[in-house]
Amino acid sequence: MAAAIPSFASAQNLAAWFAAPANQAAYGALASEAGELAASLKRVGLSDALIADRLVEAAKKRVAPATLAATLREDTQRYLAVAASLKSLGLLPSDPRQASAAVEQASLLLRAGISERVLQAALDAAAAKLGARQAAIDRALAALSVVVSIEAEHALTDAEILALATGLVDSDLSDGKLTALVASIKSAVKKGLAPSKAIEESLAKATKDKSSNAASSEKSNGADKEEKNKENSGKGNGSKKGLSG
């Protein structure tokens, strides 16, 4: 799952948003605190549109001011924690919008139940595999999305979640094919395997299948190359014979 740039429904700044009569009437009391939270995000290289987006969403749903204030504080704390994790691995993009996109995607996974420890482990494994670049963020987020899907149906222990997350990141499967393991793991569990065993066997099978396909492809390419060399050799010999005659 690539870290797509969020819509950031409110491109305007917070002051402009709060200046709108309807917003001022409903949430004017939160303007000062929202500004402080936005400033804390900007200090670590994130866009204050993360706060503006939440305000727009809350206004549409008519969330109570007290509830919104608590949500904004909780979200900001989560954003800052994710940004710190990314920065510690050299993965936080320098562009505020790109950085905010990555942070928002990771935060959604935390809200879905992924722990900060597992997020950090997945990011660490992805950085070790792919280096400090966007591809590592995409890899970790793709793997954790699969974890959320599996965890939603099968209660996994913390150890199993951690093993699954890092196993997915370290596997040779492309980001797009990681989701194929969901059905495989669910099927194995239905057959009576413990989740940890189902995860282990599904990852092993996927890696084995990929290796077998790669070996088969390499063998086929080698055979084609050898056949082509024979053809070229034959043509060369024929040419020489004609010249000597």
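Here, every reference points to the structure presented above.
Residues numbered from 1 in each chain as written. Predicted model: local features only at pLDDT ≥ 70, side-chain atom pairs only at ≥ 80, totals over all residues. Heavy atoms only, no water.

### A short note on the nonpolar core
Argument step 1. L46, I51, L86 and L168 are the most contacted members of the largest nonpolar core, which has 68 residues in total.
Argument step 2. Considering every element that reaches this core, the biggest residue donor is helix α8 (residues 134-151), with 10 residues.
Argument step 3. Apart from the residues lying within four places of it in its own chain, the contact partners of L168 are R139, A143, V146, V147, L178, L181 and L203. (Core = buried A, V, L, I, M, F, W, Y, C linked by side-chain atoms within 4.5 Å. Buried < 20%, exposed > 50% of the residue type's maximum accessible area, 1.4 Å probe, protein only. Helix = DSSP H or I, 4+ residues; strand = E, 2+ residues; numbered from the N terminus. Contact = heavy atoms within 4.5 Å.)

### What to know about the environment of A19
Argument step 1. Assignment of secondary structure puts A19 in helix α1 (residues 14-19).
Argument step 2. Here the alpha-carbon distance between A19 and A31, two residues 12 residues apart in the chain, equals 9.5 Å.

### A look at the pattern of salt bridges
Argument step 1. This structure, assessed with the given rule, holds eight salt bridges.
Argument step 2. E33 is the salt-bridge partner of R73, the closest N and O atoms lying 2.7 Å from each other. Remark: E33 occurs in helix α3 (residues 31-43) and R73 occurs in helix α5 (residues 65-88); sequence separation between them is 40 residues.
Argument step 3. The partly exposed category is assigned to E33, whose relative accessible area is 26%.
Argument step 4. A salt bridge links K61 to E57, with the nearest nitrogen and oxygen atoms 3.2 Å apart. In this pair, K61 and E57 both sit in helix α4 (residues 49-61), four residues apart, roughly one turn of the helix. (Salt bridge = Lys/Arg side-chain N within 4 Å of Asp/Glu carboxyl O.)

### What about the side chain of S40?
Argument step 1. Relative to the helices and strands, S40 resides in helix α3.
Argument step 2. For S40, a relative accessible area of 14% puts it in the buried group.
Argument step 3. Separated by 2.5 Å, the side chain of S40 and the backbone oxygen of L37 make a polar contact.
Argument step 4. Apart from residues lying up to four places away in sequence, S40 is in contact with T76 and L80. (Polar contact = N/O pair within 3.5 Å; in protein donor to acceptor, adjacent residues only side chain to side chain.)

### Points about helix α6 (residues 96-111)
Argument step 1. The end-to-end C-alpha separation of α6 is 22 Å, in line with the 22 Å expected for 16 residues at 1.5 Å each.
Argument step 2. Listed as buried for α6 are A99, S100, A101, A102, V103, E104, Q105, A106, S107, L109 and L110.
Argument step 3. Where α6 is buried, its residues meet α4, α5, α7 (116-130) and α8.
Argument step 4. Where α6 starts, the residue carrying a side-chain oxygen 3.1 Å from the main-chain nitrogen of R97 turns out to be D95.
Argument step 5. Within two residues after α6, G113 carries a phi angle of roughly 120 degrees, on the positive side. (Expected span 1.5 Å × (residues − 1).)

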